[in-house]
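Topology and contacts: notes
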Amino acid sequence: MAQQQLDHLIKSEYAAGFTTDIESDTLPPGLDEEVVAFISAKKNEPDWLRDWRLKAYRGWRKMAEPAWAHVRYPKIDFDAVSYYSSPKAMADRPKSLDEVDPELLATYEKLGIPLHEQEALAGVAVDAVFDSVSVATTFRHKLAEAGVIFCPISEAVQEYPELVQKYLGSVVPQHDNFYAALNSAVFSDGSFVYIPKGVRCPMELSTYFRINEAKTGQFERTLIIADEGSHVSYLEGCTAPMRDENQLHAAVVELVALDNAEIKYSTVQNWYPGDAEGKGGIYNFVTKRGVAHHNAHISWTQVETGSAVTWKYPSVILRGDNSIGEFYSVALTNNYQQADTGTKMIHIGKNTRSTIISKGISAGRSSNAYRGLVRMSPRSTGSRNYTQCDSLLIGDRCGAHTYPYIESRNPSAVVEHEATTSKVSDDQLYLCQQRGIDTEKAVSMIVNGFCKEVFKELPMEFAVEAGKLLEVSLEGSVG
Amino acid sequence: MADYIEQALQRPPANAPRWLDLFHQQGRRSCREKALPTGKTEDWKYTSLRALGQRDYAGQPAPVAASGDLQRHYRIADFSSHTLVFVNGHFSPALSAGSLPAGVELVRFGEADAGQAERIQNWLGKVASREQSVFTALNESGLADGIYLRVTKNTRLETPIQVIWLTTPQSEAFTVSQRLLLVMEPGSDATVMEYFTSDAAEQNSFTNGITELVLEQNARLRHYRLHAEQEQALHIGGVHASLERDANLDSFHLAVGGTLKRIDITVNHNGPGAHCNLQGVYLLRNRQHVDYHTCIEHRVPRCTSDEVFRGIIGDAARAVFNGRIHIHPDAQKTLAQLSNKNLLTSDAAEVDTKPELEIYADDVQCAHGATVAQLDETSLHYLRTRGIAADEAKVMLSFGFINELLNRIPDAAVAAHLRPMLSQFFSGEQHFVR
Amino acid sequence: MLSIENLQATVDGKAILKGLNLEVKAGEVHAIMGPNGSGKSTLGHVLAGRPGYEVTGGAVRFNGEDLLQMDTEERAREGLFLAFQYPVEIPGVSNMEFLKAAVDAVRAQRGEEPADSVSFLKQARAICKQVDLDQSFLRRGVNEGFSGGEKKRNELMQMMMLEPRLAILDETDSGLDIDALQVVANGVNALRNPEHAIVLVTHYQRLLDHIEPDFVHVLAEGRIVKSGDKSLALELEAKGYSWLEEEVA
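Residues numbered from 1 in each chain as written. Chains lettered and ligands numbered in written order. Predicted model: local features only at pLDDT ≥ 70, side-chain atom pairs only at ≥ 80, totals over all residues.

Our next topic: the overall build of chain A. In terms of regular secondary structure, chain A is built from 12 helices and 23 strands. The buried share among the 479 residues of chain A stands at 55%. If you take every contact in chain A between residues at least 6 apart in sequence, the share linking residues at least 24 apart comes to 84%. (Helix = DSSP H or I, 4+ residues; strand = E, 2+ residues; numbered from the N terminus. Buried ≥ 20, exposed ≤ 12 C-beta atoms within 10 Å, placed from the backbone. Contact = placed C-beta atoms within 7 Å.)

Below you can see the structure in the form of structure tokens.
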């Protein structure tokens, strides 16, 4: 591989790297019970939620940061993080898109998600979270007609307190893990979705998250409830501006699929990965989990190209008989990025099925680990799992790792795991070049082919974006 | 557990040669410096050491009057070998037999002369580092005897060497710290079997057995490590190998379950072109626990490894398998594969398996696979259409699942010895296969 | 010997056999022909008792007994043998061990002692030779790494060892070259006598050049739509199946 080509490509810039200049209402760094109470008060929350947050905070204080993941980063000073930031212009919530700060809207334009256009063309409702407070929600009326609730979770706390109280923390308890506990204490905002019984959500729901303010952590909390027999497809896109220092992102996503319901959750994550020397970038420590009741179906699809450090295991608890869990993932790391990501499939019900397809691509000096757990509990008679983990290495200074944990306590359950590694070979590149295809295009073709099984699970508009994203993220990895 | 270690450290081995003193000290120091494994220790996540605390295992083994009757616990028909027998850690000349061919140096630590002691010290602990595990350190601190076997340059040993480690209960529970150090000089070729066994009585021993295999250039070794002790005999130990250029290791492992068996196998590919074949079988029933941790360290380019482990777990037993393949930076052109298959035959049985790949070089071909399942329905049906009863068909298929690996054993006599032993394990105990 | 009355069966909830009738007497050779998907293989599996093949109606009597009430292995011991179209590979279980277990199970049913190893091995070797299989196959895993033709010959070998009262050969001729086909025909013809009955399930007429059937049946849409003697097979060979389907429609 030619070094100068490599250098050239490495220098290509982070396409989403720009900051938006809006005044922010930001809390000074540090975390104690007062800060937690302040956040709660600021959001005008009921007492139960304030106490819930405080309980999470007290538990978090006693917890240790997990150290088992295959990632290395300097110790995070949680007292140097600011736990609340809301755009000042938002003191009065905009009544419609027209009232939204034009600069904000311009930001979304740069990200390629023009709200108006999407309203008109794509039929996608977007709940945009700018830093910590939701600023615009579209299609509310159309969704309301179907009985679908799609709003910021802070609003749901006010308007649908009984739903929030019933399900918040029901999938990811406050003290589930260190980062989930932190999120439970200080979560800022996020999406809330409720699909009533038997309703097929009339459109795909989408949220774009951005981390904008320097030194602010982003602590979204998303809660999606699909009532019996309902169906919803949810798209999550994330980008963050370029900064030198690392920013913390610790989100929690909870999915509840009641009997016969289906939730499809797709993510394209391109948080800022840091520069070519490994400076800056997002620390992405996310807890995503769903509970599938009888005959329910939860599917996670993710394309992860961003963040300096990723720690993320979208999981499914297959509680009900005949429930289905799926995890389709492409995780790409380049330069000094580190990812430890995978899934957990916890089979509890009878005749449950899970499928895991994980594609890891490592380039540069990055480290990319798949970590997965498949557990067959004694009750999970007749259940099945199939796991396939493939790694593609680009260059000889990166790492690709596979750590599948398989725990089976039921003799009739079948678990199959396979993993392979391969590289983009010189022969493949030579063949492409000989046919007139340049190296960059050739790598992109090979990588896209490698990821095909996952891309086909993505909604159409995301699939196109994902392919492009890989291309951009891989720039500089091959020469 | 902590009590056990402390007790064991306070009772230095009796009758050990003086030159081992340094190792005892280093082992003790290293042991004390180490944190004891708990459920939170990744390597011990699925294996509890509680059994070590159930009795006071820190006792010293006493010499046993050897009886020829013990032979039936290990004798392999039609397998002529040079045999060394240790009973409760003490060498038994009466049971040992065979004459060594030229080109082989075989000496017990306890009998090594100054020159031999020096050669031993050159190698001891070099492959199995006391820093790796608290139990390796403990072994070093408690070494009273051991075997040093050197196969000199270009010597081809026609007759296998068999080391029998047999335990028999004594009044006080006890620990056997056992060590085998094998140095295969360049171009040498040998077969070495380690056979851990016991008499049929309920055992009260804890064996901490460490084996170091050094394969220099072009050396070839066929190695067996068989564990067929009575259920109560505890074992924590392992085999650690270093392979130089073009060396070839073929290693077969068997564990018939016990209360606690933990075996670590590490193969270090230190010279290009080295190859290892690692195969293992574990069979568990009752409340037995077997834990195999294997690790292939591909440190240099152009090495290959092929690993297959299979297990059948019945009753309320629990099997743990962790198979790691580690490709170091620049270990290009590596070919490595691992397969682990498990059959669960009872509602209360459990298996925890974790094949791991850790890869830092791109021009490599690595694959691993793991399955947990019950017997194949189609095969079961096929046998039944030929009139074979369902229960019998299950036994045949279970045995066949294991027999596939036995078929690859290079010494026919060993395979012939194991087949009835294992097949009895299935058919003799109907509760094992539902 | 075999009496099938209005047999209906489903696979994965899909109806395949839809009221099939067939009488097979001792000493007879029947050929069942039909287009792909007509239910030919299903019939064999239903009779052999394959899991997942559900009988939803009708009755089958075998030597006067209710076949459908018997377990798979009981059917085999009563003398029903199915030669599989796609025999499964069972690595680790040797052919020898497998055959001995099967022969002994059938002998036990007849109240006989297990076969003694020496004469058993002798017989196995002799049959190997008859079906043109190398004796080394006896030591190998059941069908393990066998070619398609070897698997078929292995099925035939089992049939000859077990000497079933009723042998059902499920497309045993498919994928065989002319020499192998002759071996199969020889094996089947050797079994042919007044006590035994044979059902050949086949797609092509060519096997019937070597084994002359007493009756030929055409299976379509899960029913026998036409029966005749061996001339029917020749007619099918010449005209295909479509004319029959039209006729039935």
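It is worth spelling out the overall build of chain C at this point. From N to C terminus, chain C includes eight helices and 12 strands. The globule rule puts the C-alpha radius of gyration for 249 residues at 18 Å, and the 18 Å found for chain C is close to it. The dimensions of chain C, computed from C-alpha atoms along their principal axes, are 55 × 40 × 35 Å. If you take every contact in chain C between residues at least 6 apart in sequence, the share linking residues at least 24 apart comes to 71%. (Rg over C-alpha atoms; globule rule 2.2 N^0.38 Å.)

The subject of this paragraph is the interface of chain B and chain C. The partner chain C presents 21 residues to the 20 residues of chain B that form the contact. Elements that contribute at least two residues to the side of chain B that touches chain C include exactly helix H6 (377-385) and helix H7 (390-406) of chain B.

On the chain B side, the residues contacting the 28 residues of chain A number 30 residues. Those elements that provide at least two residues to the side of chain A that touches chain B are strand S21 (384-394), strand S22 (399-408) and strand S23 (414-423) of chain A. Ranked by residues supplied to the side of chain A that touches chain B, first place goes to S22 of chain A with 10 residues. Residues of the side of chain A that touches chain B, tallied by class, amount to 12 nonpolar, 10 polar and six charged. Here S23 of chain A runs beside strand S19 (residues 365-373) of chain B; their pairing, made up of six bridges, is antiparallel. (Nonpolar A, V, L, I, M, F, W, Y, C, P; charged D, E, K, R; others polar. Pairing = 2+ DSSP bridges.)

All names here are of chain A. Of all residues in chain A, 76% attain a pLDDT of 70 or more, and the chain-wide mean is 80. Summarising per-element confidence for chain A, the mean pLDDT is lowest in helix H1 (residues 3-10) (39) and highest in strand S16 (residues 315-318) (97). Confidence drops under a pLDDT of 50 for residues 16-23, and excluding neighbours within four residues, the segment shows 22 contacts in the predicted structure. (pLDDT = per-residue confidence, 0-100.)

Looking now at the confidence of the model for chain C. If pLDDT is low for a region, its predicted coordinates should not be looked at in detail. Summing up the model confidence of chain C, the mean pLDDT is 88 and the portion of residues at 70 or higher is 98%. Reported confidence for the predicted complex is 0.90 by ipTM and 0.86 by pTM.

Let us now look at the packing of helix H3 (residues 47-62) of chain A against helix H9 (residues 178-186) of chain A. All names here are of chain A. With their axes 7 Å apart at the nearest point, H3 and H9 run at an angle of 145 degrees to one another. The hand of the H3/H9 crossing is left-handed. Seen from H3, the contacting residues are Arg53, Ala56, Tyr57, Gly59 and Trp60; seen from H9, they are Phe178, Ala181, Leu182, Ser184 and Ala185. Across the contact of H3 with H9, the residue classes tally to seven nonpolar, two polar and one charged. (Axes fitted to C-alpha atoms, helices over the stretch in contact; angles between N-to-C directions. Left-handed = near helix turned anticlockwise from the far one by under 90°.)

In this section: the sheet that holds strand S2 (residues 14-24) of chain C. Strands belonging to one sheet form pairs held by backbone hydrogen bonds; the direction of such a pair is parallel or antiparallel. Residue and element names in this part refer to chain C. Here we have four strands laid out as an open sheet, ordered S2-S1-S4-S5, and antiparallel in their pairing. Of all the strands in the sheet, just S2 and strand S5 (65-66) have a single pairing partner and so form its edges. Two elements, strand S1 (residues 2-11) and strand S4 (residues 53-62), share eight bridges in a ladder whose sense is antiparallel. Within S4, the position partnered with glutamate 5 by the bridge is alanine 59.

With that out of the way, let us pick up unusual backbone geometry. Residues and elements named next belong to chain A. Positive phi outside glycine occurs at asparagine 44, with the angle close to 55 degrees. Mapping asparagine 44 onto the fold places it in the loop between helix H2 (33-42) and H3. With phi around 65 degrees, asparagine 260 is a residue other than glycine that occupies positive phi space. If you trace the backbone, asparagine 260 turns up in the loop between strand S11 (252-257) and strand S12 (262-270). With 21 C-beta atoms counted inside 10 Å, the residue asparagine 260 sits in the buried group.

Most of helix H1 (residues 40-48) of chain C is tucked away, with nine of its nine residues classed as buried. Of the residues making up H1 of chain C, those classed as buried are Lys40, Ser41, Thr42, Leu43, Gly44, His45, Val46, Leu47 and Ala48 of chain C.

Here we come to the sheet that holds strand S12 (residues 223-228) of chain C. Residue and element names in this part refer to chain C. Here we have six strands laid out as an open sheet, ordered S6-S9-S10-S3-S11-S12, and mixed in their pairing. The open sheet has two free edges, formed respectively by strand S6 (80-83) and S12, since each of these has just one partner strand. Pairs of neighbouring strands in the sheet enclose a mean axial angle of 20 degrees, with direction left out of account. Relative to strand S9 (residues 166-170), S6 is paired through four bridges, and the arrangement is parallel. In the strand pairing of S9, alanine 83 is matched with leucine 169.

A word on the pairing of S16 of chain A. All names here are of chain A. The side-chain alternation of S16 yields two buried faces, one formed by Ser315 and Ile317 and the other by Val316 and Leu318. Pairing between strand S13 (residues 281-292) and S16: four bridges, direction parallel. Residue pairing for S16: glycine 290 is matched across the bridge by valine 316. The pairing of S16 with strand S18 (residues 338-347) spans four bridges and is classified as parallel. Within the sheet, the bridge partner assigned to valine 316 lies in S18 and is methionine 345.

Our focus in this paragraph is the environment of leucine 260 of chain B. Residue and element names in this part refer to chain B. Structurally, leucine 260 is set in the loop between strand S11 (248-256) and strand S12 (261-269). With 242 residues separating them along the chain, leucine 260 and arginine 18 place their C-alpha atoms 33 Å apart. Not counting residues within four places of it along the chain, the set of residues in contact with leucine 260 comprises Ala51, Leu234 and His289.

Let's shift gears to H9 of chain A. The buried fraction of H9 of chain A amounts to eight of the nine residues, a majority that puts the element mostly inside the structure. Turning to H9 of chain A, its buried residues number three or more, namely Tyr179, Ala180, Ala181, Leu182, Asn183, Ser184, Ala185 and Val186 of chain A.

Let's shift gears to the packing of helix H3 (residues 95-109) of chain C against helix H5 (residues 148-162) of chain C. All names here are of chain C. At a minimum axis distance of 10 Å, the contact between H3 and H5 shows a crossing angle of 35 degrees. Of the two possible hands of crossing, H3 and H5 adopt the one that is right-handed. Seen from H3, the contacting residues are Leu99, Ala102, Val103 and Val106; seen from H5, they are Gln158, Met161 and Leu162.

Quick look at the environment of threonine 345 of chain B now. Along the chain, the position of threonine 345 of chain B falls in the loop between strand S17 (335-344) and strand S18 (350-359). Measuring from C-alpha to C-alpha, the distance between threonine 345 of chain B and serine 398 of chain B comes to 9.4 Å, with 53 residues separating the pair along the chain.

Residues and elements named next belong to chain A. With respect to burial, strand S8 (residues 221-226) is a largely interior element, six of its six residues being buried. Sheet topology places strand S6 (residues 191-195) next to S8; four bridges connect them, and they run parallel. Residue pairing across strands places tyrosine 194 opposite isoleucine 225, the latter belonging to S8. Relative to S11, S8 is paired through six bridges, and the arrangement is parallel. Residue pairing in the sheet places threonine 222 in a bridge with valine 253 of S11.

Moving on, we get to the environment of arginine 75 of chain B. Residues and elements named next belong to chain B. Its place among the elements puts arginine 75 in the loop between helix H3 (50-53) and strand S1 (82-87). Its 13 C-beta neighbours within 10 Å are what place arginine 75 among the partly exposed residues. For the pair arginine 75 and tyrosine 195, spaced 120 residues apart in sequence, the C-alpha separation works out to 10.0 Å.

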